[in-house]
Structures are given as C-alpha cells and as structure tokens.
Amino acid sequence: MNEDQSSGGTRSFRLHNNQIPARPLEPALYLVATPIGNLGDITLRALETLAGADVLACEDTRVTRVLLDRYGIQNKPYAYHEYNADEAGPRLLQALEAGRSVALVSDAGTPLVSDPGYRLATQAIEAGYKVVPIPGASAPLAALVGSGLPNDAFFFAGFLPAKDKGRRDRLAELAGVPATLIFFESPHRIAATLAAAADVLGGERVGAVCRELTKTFEEFRRGSLAELAAFYDAVDNVKGEIVLLVGPPAESVTAEADVDAILADLAGTMPTAKAAAEAARLTGLPRKELYQRLLDMKERHA
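Counting from 1, residues in each chain are numbered in the order their sequence is written. Reporting of local features is limited, given that this is a predicted model, to residues whose pLDDT is at least 70; pairs of side-chain atoms are given and counted only at 80 or more, and all residues count toward the totals for whole chains, interfaces and linings. Think of the side-chain values as coming from all heavy atoms in the structure, minus any hydrogens and water.

- Looking up the protein chain in an unreviewed UniProt entry gives the name Ribosomal RNA small subunit methyltransferase I, with the organism given as Rhizobium miluonense.
- According to UniProt, the comment filed for the protein chain under the heading Subcellular location (unreviewed entry) is "Cytoplasm".
- UniProt positions are given in the numbering used here, feature names are shortened, and annotations may be inferred rather than shown by experiment. Within the UniProt record for the protein chain, the comment given under Catalytic activity (unreviewed entry) is "cytidine(1402) in 16S rRNA + S-adenosyl-L-methionine = 2'-O-methylcytidine(1402) in 16S rRNA + S-adenosyl-L-homocysteine + H(+)".

See below:
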C-alpha cells in the first residue's frame with residue numbers, strides 16, 4: 001500500500017464517453033457509498049472521490065474493479081475486510097498520518113452498514129483524522145421506501161442470529177419496538193426467519209420481502225408474516241440478496257389489570273420465559289419487562 005496515485009496515476013473518471021478530471025482531495029477518510037446492484041446508481045461526487053483518492057480500500061478488489069472499469073477509473077484498489085483488518089487497518093491509518101486521502105467502499109451500498117468499515121472509521125476518528133461520508137445507495141432505505149410500510153420511524157437490526165433460538169430471542173426483544181424493523185437475510189434462511197417472525201411477532205403482522213434491489217429481477221413481496229412464511233416455505237430455491245421488513249406492532253391499549261390476567265393465564269400452561277414472550281407478542285410490551293412482572297406476581301402469591 002506504499003504506492004498510490006500520488007506517484008503518477010491518472011485522476012479522472014469517464015461519463016458518457018467523456019473523460020472528466022478529478023480534483024485533488026484533502027487528507028481524510030472518505031466513506032463512499034456504491035451501487036447495490038445497478039451500476040448507474042453512483043453519484044458524481046462518489047466517482048470523483050474514487051478517482052481522486054490517493055488510496056482506495058475495498059472489501060473485494062474484484063467487485064470494486066468492475067465498478068472502476070465501468071467508469072474508466074484507473075485507481076488501484078486495496079483489500080480491507082474482516083480477515084485482514086489487523087494488518088490493512090494500520091496501513092490505512094499510516095496513509096492518513098502521511099497526509100494522504102483514503103477512500104473506503106464496501107462491495108455494495110453504504111460503508112459501515114453491516115461491514116468491517118466501522119472499525120476503521122472509529123480508529124480514524126479516535127486518532128483525530130477527518131472522516132467524510134459520501135452518501136448514496138443504501139439497501140435498507142431502498143427497501144423501506146419501496147415496501148409500502150410506515151417509514152416515519154424505522155429500526156435497522158442487521159442480520160438475525162443463524163440459530164433458531166437466538167433468532168427467536170432477538171425477535172422477541174424487538175417485538176415491542178414502535179417502528180418498522182429492517183433486517184438483512186440470506187436466501188437460504190429466509191423461510192426459517194419468516195416462520196420464526198410469524199410465530200414470535202404474530203402472523204397477522206405485516207411485512208415485506210425485498211429481493212435483488214435495483215437489479216434485473218427486483219421483487220417486492222408484501223403481505224402478513226403468516227402469508228410470507230407460507231409462500232417461502234413452498235419455494236425450493238430462493239436466490240438473491242434480501243432485505244426483510246416488518247411493520248410496527250399495533251398500538252397496545254391493554255390495561256394494567258388485563259396484562260396481569262394475560263400473564264397469569266399463560267403462566268398456568270407454560271414456563272415463565274415462554275409466557276413472557278407470548279405476552280409480549282399479545283400486548284406489544286417488552287418481553288423483559290413482562291418477565292420481571294411475572295416473577296413479581298409469583299413472588300407475591302408464593
């Protein structure tokens with residue numbers, strides 16, 4: 001990573017067969033959003049930054065090279081990912097210390113959202129270097145605005161745990177969040193995740209599966225969680241990158257006495273933890289709060 005554009009590379013990008021010079025960048029760490037599928041979803045500012053940066057870091061050089069070639073950018077990308085962060089991260093910080101400009105991109109979308117760039121950005125901030133976001137494509141936001149679900153409040157939760165128990169526990173923790181929930185999910189787990197979501201959050205709760213966003217086979221499938229779970233349970237080979245959205249819970253108007261009655265009824269047929277999780281689904285109240293409430297009830301009646 002010692003060689004960079006400061007030693008003589010061409011700083012320009014191509015747009016509609018016109019080669020456009022890129023202005024020099026001030027020393028800083030630039031977090032550059034890149035397309036999530038359609039390569040046309042790139043901003044002029046992003047192109048100029050990718051072309052003009054002294055050092056360009058990315059998750060996968062092969063993926064980034066496709067984007068650079070599309071726009072005639074000759075900058076050489078260097079790999080920075082979770083497996084080489086201990087080695088590559090200090091080199092990028094050294095470049096900043098030497099007064100160079102460093103651009104960071106993920107394979108797709110906005111850096112730092114479910115990728116290792118967060119570590120580098122925090123290190124740069126702690127060291128006193130300037131950090132500049134270059135906004136652009138974002139899968140969570142693209143899914144949200146196309147889903148038809150409420151967008152006045154939303155909660156991005158990243159990937160759910162791979163194992164069923166962890167997945168269900170996490171869903172139970174998020175059950176009462178008064179916002180649209182946004183998850184990343186892999187195609188081979190979407191059926192199991194929807195089944196768990198319908199069970200924990202309630203099958204009547206609405207959701208949307210947003211697949212292959214901005215690509216040729218982009219798809220938005222909307223419906224109740226029960227309907228979505230049934231559909232994907234019957235599909236043998238789901239393909240593509242997926243964003244799963246779950247609409248906010250219905251406003252709870254359950255009275256205090258009703259909550260106690262629900263807890264008492266459920267505790268008579270199931271363990272305390274499971275009773276609290278089911279009560280959370282029914283009332284929209286936090287599971288942990290209901291769990292403690294049930295323990296207090298049992299102690300009072302002991």
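### A short note on the domain arrangement of the protein chain
Next, step 1: The split into domains, and so the bounds of each, comes from an automatic or database assignment of domains. Annotation of the protein chain at the domain level lists domain 1 (12-137), domain 2 (140-246) and domain 3 (256-301).
Next, step 2: Each of domain 2 and domain 3 has a C-alpha centre, and the two are 27 Å apart.

### Topic: the nonpolar core
Next, step 1: Formed by 26 residues in total, the largest nonpolar core has its most connected members in Leu171, Phe183, Ile190, Leu194, Leu201, Val209 and Leu225.
Next, step 2: Strands are runs of DSSP state E lasting at least two residues, helices are runs of H or I lasting at least four, and both sets are numbered from the N terminus onward. At the level of secondary structure, the elements contributing two or more residues to this core comprise helix H6 (164-174), strand S9 (180-185), helix H7 (190-201), helix H8 (225-233) and strand S12 (242-246).
Next, step 3: The biggest single contributor to this core is H7, with seven residues.
Next, step 4: Throughout, a contact is declared for two residues whenever any of their heavy atoms are within 4.5 Å. If sequence neighbours within four positions are ignored, Leu171 has contacts with Leu160, Phe183, Ala196, Ala197, Val200 and Leu201.
Next, step 5: Take the buried residues of types Ala, Val, Leu, Ile, Met, Phe, Trp, Tyr and Cys, join any two whose side-chain atoms come within 4.5 Å, and each joined set is a nonpolar core. Using a 1.4 Å probe on the protein chains alone, a residue whose accessible area is under 20% of its type maximum counts as buried, one over 50% counts as exposed, and one in between counts as partly exposed. Ranked by size, the runner-up nonpolar core spans 21 residues in total, among them Ala28, Leu50, Leu68 and Ile73.

### Focus: the packing of aromatic side chains
Next, step 1: Put simply, two rings from Phe, Tyr or Trp (the six-membered ring, in Trp's case) pair if the centres are within 6.5 Å, and we call them stacked under 30 degrees between planes, edge-to-face over 60, tilted for the rest. Scanning all chains against the criterion turns up three aromatic pairs.
Next, step 2: Ring centres of Phe156 and Phe184 lie 5.0 Å apart, and the angle between their planes is 70 degrees; this geometry places the pair in the edge-to-face category. Of this pair, Phe156 sits in strand S8 (residues 154-159) while Phe184 sits in strand S9, and the two are 28 residues apart along the sequence.
Next, step 3: For Phe184, a relative accessible area of 13% corresponds to the buried category.
Next, step 4: Residues Phe231 and Tyr232 carry aromatic rings whose centres are separated by 4.9 Å and whose planes lie at 85 degrees to one another, so their mutual orientation is edge-to-face.

### Some details on helix H1 (residues 44-52)
Next, step 1: The element H1 is largely enclosed, with a buried count of seven among its nine residues.
Next, step 2: Three or more residues of H1 are buried, namely Ala46, Leu47, Glu48, Thr49, Leu50, Ala51 and Gly52.

### Notes on the sheet that holds strand S6 (residues 102-105)
Next, step 1: DSSP calls a pair of strands paired once it identifies at least 2 bridges connecting them. Taking strand neighbours across the sheet as the criterion, the five strands line up as S5-S4-S6-S3-S7 in an open arrangement whose pairing is parallel. The sheet terminates laterally at strand S5 (77-79) and strand S7 (131-134), the two strands that pair on one side only. Put simply, the sheet's adjacent strands are angled 25 degrees from each other on average, direction ignored.
Next, step 2: In terms of strand pairing, strand S3 (residues 29-32) meets S7 through four bridges, oriented parallel. Bridging across to S7, Leu31 finds its partner in Pro133. For helices, the fitted axis covers only the stretch in contact; all axes are lines through C-alpha atoms, and the angles between them, taken along N-to-C directions, range from 0 to 180 degrees.

### A short note on the sheet that holds S12
Strands pair in a sheet through their backbones, by hydrogen bonds, and they do so in one of two ways: parallel or antiparallel.
Next, step 1: Taken in spatial order, the five strands line up as S8-S9-S12-S10-S11 in an open sheet, and their pairing is mixed. The sheet is open, and its two borders are formed by S8 and strand S11 (219-224), each paired with just one other strand. Strand after strand, the sheet turns through a mean of 15 degrees between neighbouring axes, direction not considered.
Next, step 2: Across six bridges, the pairing between strand S10 (residues 206-211) and S11 is antiparallel. Paired with Arg211 across the two strands is Glu219, which belongs to S11.
Next, step 3: Relative to the sheet, H6 contacts S8 and S9, its axis offset from that of S8 by approximately 170 degrees.
Next, step 4: Sitting on the sheet, H8 touches S10, S11 and S12, and the angle it makes with S11 is about 125 degrees.

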